[in-house]
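# Fold and geometry: a report
The residues making up each chain are set out below.
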Amino acid sequence: MIPLREKRALVLFSGGQDSATCLAWALSRYQHVETLGFDYGQRHRVELDCRTRLRKLVADMNPDWAPRLAEDHLLPVDFFRHLGQTAMTDDVAITMQADGLPNTFVPGRNLLFLTLAAALAYRRNLNVLIGGMTEADYSGYPDCRDNTMKALQVALSLGIDRQLTIETPLMWLDKTEIWDLAWRLGGDVLVETIRQESHTCYLGTRDTLHSWGYGCGSCPACTLRARGYVRWAANRLVA
């Protein structure tokens, strides 16, 4: 077992609410934290424009965190649209598919992302991969399930012949609880940073700042984020 102080983490960091919360979570636990983003031709590419400022703001809000944040990596993997149309990579309406999954599901996306993260971890001598996957409040993606993550942890560790741990701190949290986790990690400053600086909207809309952040206000990502924030804020008032 590798001692906690010797673990080196790689956060899958998109520039969204969940990955920003995961970054703060990682910085509160590990002495060395790197970040990894992917340019996969997403419609909401504006999230990539948020990454650099957001990661710096998160790290700088705690004197213990800033020295722990190391390199950022951005990989181009712009080929998903060639595998078939999805609402995340093509200008189409968001709907449910015949198989019961939303057409925002990009088959193989998280499988590939974690495989690439494992390859980078091998080169960078990192042993913990951290992602914002969740079963509690998500859009029905099978590659966000806990069983998928556990299977990948085994397969990737075998594939690079090194012990890898996949951490998913949000797995059993809904969006209300994710806002609360951010508050417990960094107080009102982190919550406000995530609200204003992160991006989650599937349509890439960033012209209106709502109480919960920027977005169109109607896509599934905005609906979940807004509902979670309203409930979290209400709970804070009661408390």
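Remember, predicted model here, so these are calculated numbers, not experimental data. (Residues numbered from 1 in each chain as written. Predicted model: local features only at pLDDT ≥ 70, side-chain atom pairs only at ≥ 80, totals over all residues. Heavy atoms only, no water.)

### Digging into unusual backbone geometry
Located in the positive-phi region is N125, a residue other than glycine, with phi close to 60 degrees. Relative to the elements of secondary structure, N125 occurs in the loop between α3 (109–124) and β4 (128–130). Although it is not a glycine, D161 sits at a positive phi angle of roughly 60 degrees. Here D161 shows up in the loop between α4 (146–160) and β5 (165–167). With a relative accessible area of 70%, D161 lands in the exposed category. (Helix = DSSP H or I, 4+ residues; strand = E, 2+ residues; numbered from the N terminus. Buried < 20%, exposed > 50% of the residue type's maximum accessible area, 1.4 Å probe, protein only.)

### Quick look at the UniProt feature "binding site: Zn(2+)" (unreviewed entry) in the chain
Per the UniProt record, the feature "binding site: Zn(2+)" (unreviewed entry) sits at C201, C216, C219 and C222. These annotated residues cover 22 residues of sequence, and their C-alpha atoms lie no more than 6.8 Å from one another, placing them together at a single site. Mapped onto the fold, C219 is located in the loop between β7 (213–214) and α6 (220–238). Mapped onto the elements, C222 comes out in helix α6. We classify C222 as buried; its relative accessible area is 1%. Setting aside residues up to four positions removed in sequence, C222 forms contacts with C201, W212, G215, C216 and G217. (UniProt positions renumbered as here; feature names shortened; annotations may be inferred. Contact = heavy atoms within 4.5 Å.)

### Remarks on the packing of helix α1 (residues 17–27) against helix α5 (residues 175–197)
Each pair of packed helices can be summarised by the angle the axes make with each other and by the distance between the axes. At their nearest, the axes of α1 and α5 sit 10 Å apart, and the two run at 70 degrees to each other. What the angle tells us is that α1 and α5 run roughly perpendicular. Contact with α1, carried on its side by Q17, D18, A20, T21, A24 and W25, involves K175, I178, W179, L181, A182, L185, L190 and I194 of α5 and no other residues of that element. Across the contact of α1 with α5, the residue classes break down as ten nonpolar, two polar and two charged. (Axes fitted to C-alpha atoms, helices over the stretch in contact; angles between N-to-C directions. Parallel < 35°, antiparallel > 145°, perpendicular 65-115°, else oblique. Nonpolar A, V, L, I, M, F, W, Y, C, P; charged D, E, K, R; others polar.)

### Some thoughts on the UniProt feature "binding site: ATP" (unreviewed entry) in the chain
Mapped onto this numbering, the UniProt entry annotates "binding site: ATP" (unreviewed entry) at F13, S14, G15, G16, Q17, D18, S19, A20, T21, C22 and L23. The topology assignment puts G15 in the loop between β1 (8–12) and α1. Looking at where G16 falls in the secondary structure, it is placed in the loop between β1 and α1. Ignoring anything within four residues of it in the chain, the contact list for G16 reads L54, S198, H199 and T200.

### A closer look at the pattern of salt bridges
If charged atoms from side chains of opposite charge come close, those side chains can pair. Tallying each qualifying case throughout the model produces ten salt bridges. With a closest N to O distance of 2.5 Å, K56 and D60 form a salt bridge. Of this pair, K56 and D60 both sit in helix α2 (residues 46–60), four residues apart, roughly one helical turn. Accessibility expressed as a relative area gives 51% for K56, which makes it exposed. By relative accessible area, which is 45% here, D60 ends up partly exposed. A salt bridge links R236 to D188; the nearest nitrogen and oxygen atoms lie 3.4 Å apart. Remark: D188 occurs in helix α5 and R236 occurs in helix α6; sequence separation between them is 48 residues. Residue class for D188 comes out partly exposed when judged on its relative accessible area of 49%. Residues joined by salt bridges that share partners form a network here, namely E34, E71 and R124. (Salt bridge = Lys/Arg side-chain N within 4 Å of Asp/Glu carboxyl O.)

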